[in-house]
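Residue-level listing of the chains:
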Amino acid sequence: MTDLTDQTIKALRSEFDELAALVRGFDEEDLARQSGAAEWDVSQVLSHLGSGAEINLAALEGAVRGAGAPGMEFIQGVWGRWDAMSRVQRAEGFVGANEALVRRFEELDPQTRGDVRVHLWFPTEPVDVASFGAMRLSEVAHHTWDVKVAVDPGATLNPETVGLLVDRVGSVVGFAGKPAGLGGGQATVAVHITSPERSFGLDIREAVAIVDVPDAPDAVLTAPAEWWLRLVVGRHAPERTPAAVEVTGAVTLDDLRRVFPGY
């Protein structure tokens, strides 16, 4: 687990450094661009990442010091402060807040990385540092894509990050997947992804879940792993979908987009 934790923290550093370098070159016009998140401009994505960094840091410090998770009064105060910032302030604040969080992850000694359990600010069991770091890595990676795609329509998720997240996406599928997207129908989909290669099933019934590859699927999805991750979190518009994505059978690509509408 320590090796996985170390890799996750290194990937967090890499994602942050890349995005921070990009953001430092933005002017106010760039910050006002439409991001990959449908309802946010670039500065709002940075605001979300900045406020999230503060909240994650409070949770991590609470775990290390035995103080528990941050309360809702603290969290709402953080959100309100970031919402009130100008676009330029959000960009500047994003860099400082995320540097502080990444540095705190990096400062954790090996024993702490292995032993500490982080209490979160929503109902769930405490998680280890590897899982907590992976949650943050997923958020940062997808929102980094939101920012990058505003200036580079062909942007993709970083391969190193994809490799770390692809086997952890099951819990996100259950949260993000909406069976109603099939209009009352049910289906099983065989999913085959590349870079890295994985095969599994997607069961769409009362809930959406990852299962073993079905023997007789209703449809087959073949896609790059990075697009599969983006599909699950709703970053799947036709213009953001590579030609390598293919769906055959009774379920269409538009059906899958409705099952994963984003959040």
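Residues numbered from 1 in each chain as written. Predicted model: local features only at pLDDT ≥ 70, side-chain atom pairs only at ≥ 80, totals over all residues. Heavy atoms only, no water.

### Concerning the packing of aromatic side chains
And step 1. This structure, assessed with the given rule, holds 6 aromatic pairs.
And step 2. Where F200 meets W228, the ring centres are 5.3 Å apart and the plane angle is 55°; that geometry is what we call tilted. Pair noted here: F200 is in strand β4 (residues 198-204) and W228 is in helix α10 (residues 225-232), with a separation of 28 residues, a long-range link. Of the two residues, F200 and W228, both sit in the buried class.
And step 3. Members of the aromatic cluster, connected to one another through ring pairs, are F200, W228 and F260.
And step 4. Positioned above the aromatic ring of F175 is the side chain of K178, whose terminal nitrogen or guanidinium carbon lies 5.9 Å from the ring centre. (Phe/Tyr/Trp six-rings, centres within 6.5 Å; stacked < 30°, edge-to-face > 60°. Helix = DSSP H or I, 4+ residues; strand = E, 2+ residues; numbered from the N terminus. Buried < 20%, exposed > 50% of the residue type's maximum accessible area, 1.4 Å probe, protein only. Lys NZ or Arg CZ within 6 Å of the ring centre and 35° of its normal.)

### Description of the layout of surface pockets
And step 1. By volume, the largest pocket amounts to about 1600 Å³.
And step 2. Taken together, 46 residues form the lining of the largest pocket, with E139, H143, F175, V233 and Y263 sitting closest to its centre.
And step 3. Only α3 (42-65), α4 (72-83), α7 (129-148) and α9 (170-176) provide two or more residues apiece to the lining of the largest pocket.
And step 4. Here the lining of the largest pocket gets 10 residues from one element, more than from any other, and that element is α7.
And step 5. Looking at the lining of the largest pocket residue by residue, the class counts come to 23 nonpolar, 16 polar and 7 charged. (1 Å grid on protein atoms, 1.4 Å probe; cavity = no way out; pocket = protein on both sides within 12 Å on 5 of 7 lines; lining within 4 Å. Points joined across faces, edges and corners; volume = space filled by probe spheres on them. Nonpolar A, V, L, I, M, F, W, Y, C, P; charged D, E, K, R; others polar.)

### Some words on the pattern of salt bridges
And step 1. Tallied over the entire structure, the rule returns 19 salt bridges.
And step 2. We note a salt bridge from R87 to D41, for which the minimum N-O separation is 3.0 Å. Here the residue R87 occupies a position in helix α5 (residues 87-107), and D41 occupies one in the loop between α2 (28-31) and α3, the gap between them amounting to 46 residues.
And step 3. Its relative accessible area of 31% is what places R87 among the partly exposed residues.
And step 4. Residue classification places D41 among the buried positions, given a relative accessible area of 10%. (Salt bridge = Lys/Arg side-chain N within 4 Å of Asp/Glu carboxyl O.)

### Some thoughts on α5
And step 1. Between its first and last C-alpha, α5 extends 31 Å over 21 residues, near the 30 Å set by a 1.5 Å rise per residue.
And step 2. Listing the buried residues of α5 in full gives R90, A91, F94, V95, A97, N98, E99, L101, V102, R104 and F105.
And step 3. On its buried side, α5 packs onto α1 (2-24), α2, α3, α4, α6 (110-115) and α7. (Expected span 1.5 Å × (residues − 1). Contact = heavy atoms within 4.5 Å.)

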